[in-house]
Amino acid sequence: MSDTSAPGALPSASPRDDADPSDRERLIVFSLAAVGGLFIAVIVAATHTLVGEIQTLLFGADVDVVGTGGVPPWRILTVTTLGGLVLGLVLWLAGRLNRLSITDPVEANALEGGRMSLGDSLVLVGLCSLSISIGGSVGFEAAMTQIGAGLLSVAGQRLGVSRRALRVLVSCGTAAGIAAIFGAPLAGAVYALELVVGGYAVRALAPTLLAAAASGLATHFIIGPNPLFPAAHIVGPALWHYPFAVLVGIASALVGIVVMRGTTTVEAVLARLPGPKALRPVIGGAALGGLAILVPVVTGPGHAGINNILGHDATIGALAAIVVAKAAASIVCIGSGFRGGLFSASLFLGAAFGSLLHVAAVAPLLGPAEPSGLAVVTGMSAVAAAIVGTPLAIVLLAVETTGIHSGIVSVAIAVVVANLLTKRWFGYSFSTWRFHVRGRDLTGPRDVGRLRDLKLADVPLADVPRFAEGLPVGEAANASRGTFALVVAVEAADGSFRGLVRRDRLLETFLSAPETPIETLIEAVPATAHVADAVADHVETIAEGIAGVLPVLDANGRLAGTVPERAVLKRYLDELLAAEADDTGPLEARR
């Protein structure tokens, strides 16, 4: 057919299949990211408001905003102690109903292919809200990232998207939760990519940014456009800020390690005490109440406390008391069973710590008039980087929540030093440390669950010569000539598997006693497997099998084939490469 297009005209695009599944999946992911981001911001704002009202009812004031300074000591102790009892009973009931094995976003992407439960997510939201309502020194981030990721994961499951798309949706929900809590969409997006995806994957970048932007937009209209910790008065950095940033980074790594170690130490100590487990939050609540009486700013996430430190100078004694009390309150709360995150608590702890280092190390040299604002932001960011473990997200959070720009280099230096030293000296962030303590030694969200889900049916099985029991060895040896198999299989009259015979032994017996029944040469098989078994359950036993192979049976007990160790390792390698392609490639279905 001749070409009738006009000279110089651009060639038309080739037609595409209207039913391309990758187009449908991209549309679903981006739509859920946008709508979900808006919805999650509303949930975060509503939860904040509800918790504030409950605190006002219990304490007589929203202690997250004004602290416990004006609350009578008896009331503080009553609320935190009896609140701990209520929390303990709720935890006991949730455990009885098997609702405490909650898969968080990192676990979901690492082990479950992005599958999360909305019911479990709602349970965690309720536990976190209760913990903060009674003054717990924890933050909303665990609950809000959980509900965000859980909502989008469940929506994706209902719409039948692929494993890779579910993992992207978990990232979107996490980003939207952080963006709404802090009013920081860029930090939320990068936080999700660093912690929940494990890198800046092409497939997850655009949807995650969209979800965070939608959440940030909704937060802008609900809460307002101002930064959470306004610090526009901070002047640009002087030369001393850079060595000071290194000092802050080193010290913040130590603070972060102490807090993370402290939570598990308290947990272990309380676990050894006699009495029911439900009483542990009572002990934590009583300790929290005592700390709140002495240092009124230790309750809650600490956002208002950061603004107080940025706006007012404090003495070295007051700052030291805040640092010690806030660290102790967070350790006791998490260790005794309060539910919540350490993100916000680490920001407040770091702000007080940065101010303390400024008063202790800078003011004596340069005078008390030297501005401390940048030191506060530097400490806030460095301690958070040590505990949370997402350095780029923390730097962006400092920019978005404080409004500073000129001093961000010194902040970044402290963040990098704190993060690197924490990894070097401790090896974990708070989330991966909790996995390690629970026996799940996850170092990140890479999709290792797909290896766990790999079945022997997914591995190419090798067929081997099969002979009925009772057959003379001579006939079996002649029939197996020309095969390279190291073993032959023996089957019963009904076709069920009896065992394996080494082919070299078959040939030796053929030369000495060819009339011997073949079943007499069967060796004890260390293990057998079924096609529905997970490959991971048999990796250790394959090498111990006869001639290094593992017999694999079907549902009827018949031999489906054998699998050598090299076939399993190759299939593992193929799956790892596929997982890497999913993480770094575009969001489209493989064809």
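Conventions adopted
Residues numbered from 1 in each chain as written. Predicted model: local features only at pLDDT ≥ 70, side-chain atom pairs only at ≥ 80, totals over all residues. Heavy atoms only, no water. Helix = DSSP H or I, 4+ residues; strand = E, 2+ residues; numbered from the N terminus. Buried < 20%, exposed > 50% of the residue type's maximum accessible area, 1.4 Å probe, protein only. Contact = heavy atoms within 4.5 Å. Areas by Shrake-Rupley, 256 points an atom, 1.4 Å probe, with all protein chains shown as cover. Lys, Arg positive; Asp, Glu negative; His and termini not counted. Charge placed at Lys NZ, Arg CZ, Asp CG, Glu CD. Pairing = 2+ DSSP bridges. Phe/Tyr/Trp six-rings, centres within 6.5 Å; stacked < 30°, edge-to-face > 60°. Axes fitted to C-alpha atoms, helices over the stretch in contact; angles between N-to-C directions.

### Here's the deal with the overall build of the protein chain
The secondary structure content of the protein chain amounts to 23 helices and 6 strands. If one aligns the C-alpha atoms of the protein chain with their principal axes, the spans along those axes are about 100 × 85 × 45 Å. Here the protein chain holds 591 residues, and 52% of them are scored as buried. Within the protein chain, counting contacts between residues at least 6 apart in sequence, those at least 24 apart form 75% of the total. Accessible surface, the protein chain as shown: approximately 25600 Å² in total, 64% of it carbon and sulfur. Across the protein chain, the mean location of the 39 positive side-chain charges is 4 Å away from that of the 45 negative side-chain charges.

### A short note on the sheet that holds strand 6 (residues 559-564)
What the 3 strands build is an open sheet, ordered 4-5-6; its pairing is mixed. With one partner strand each, in any of the chains shown, strand 4 (529-530) and strand 6 form the two edges of the open sheet.

### Thoughts on the packing of aromatic side chains
Enumeration over the complete set of coordinates arrives at 4 aromatic pairs. Ring plane angle 75° and centroid distance 5.8 Å describe the contact between F426 and Y428, whose orientation is recorded as edge-to-face. Judged by its relative accessible area of 9%, F426 is buried. Among the aromatic residues, those joined into a ring-pair cluster are F182, Y191 and F343.

### Details of the sheet that holds strand 1 (residues 466-468)
One open sheet holds the 3 strands; their spatial order is 1-2-3, and the pairing between them is mixed. Of all strands in the sheet, those with a lone pairing partner are strand 1 and strand 3 (497-502), marking the two edges. Across this sheet, the average inter-strand angle for adjacent strands is 30°, counted without regard to direction. In the packing of helix 21 (residues 503-512) onto the sheet, the strands contacted are strand 2 (487-491) and strand 3, and the crossing angle to strand 3 comes to about 75°.

### Let's talk about the environment of F244
Mapped onto the secondary structure, F244 falls in helix 10 (residues 241-272). Residues F244 and A414, spaced 170 residues apart in sequence, show a C-alpha to C-alpha distance of 8.4 Å. With near-sequence residues (within four places) excluded, F244 lies in contact with G354, L357, H358, V362 and A375.

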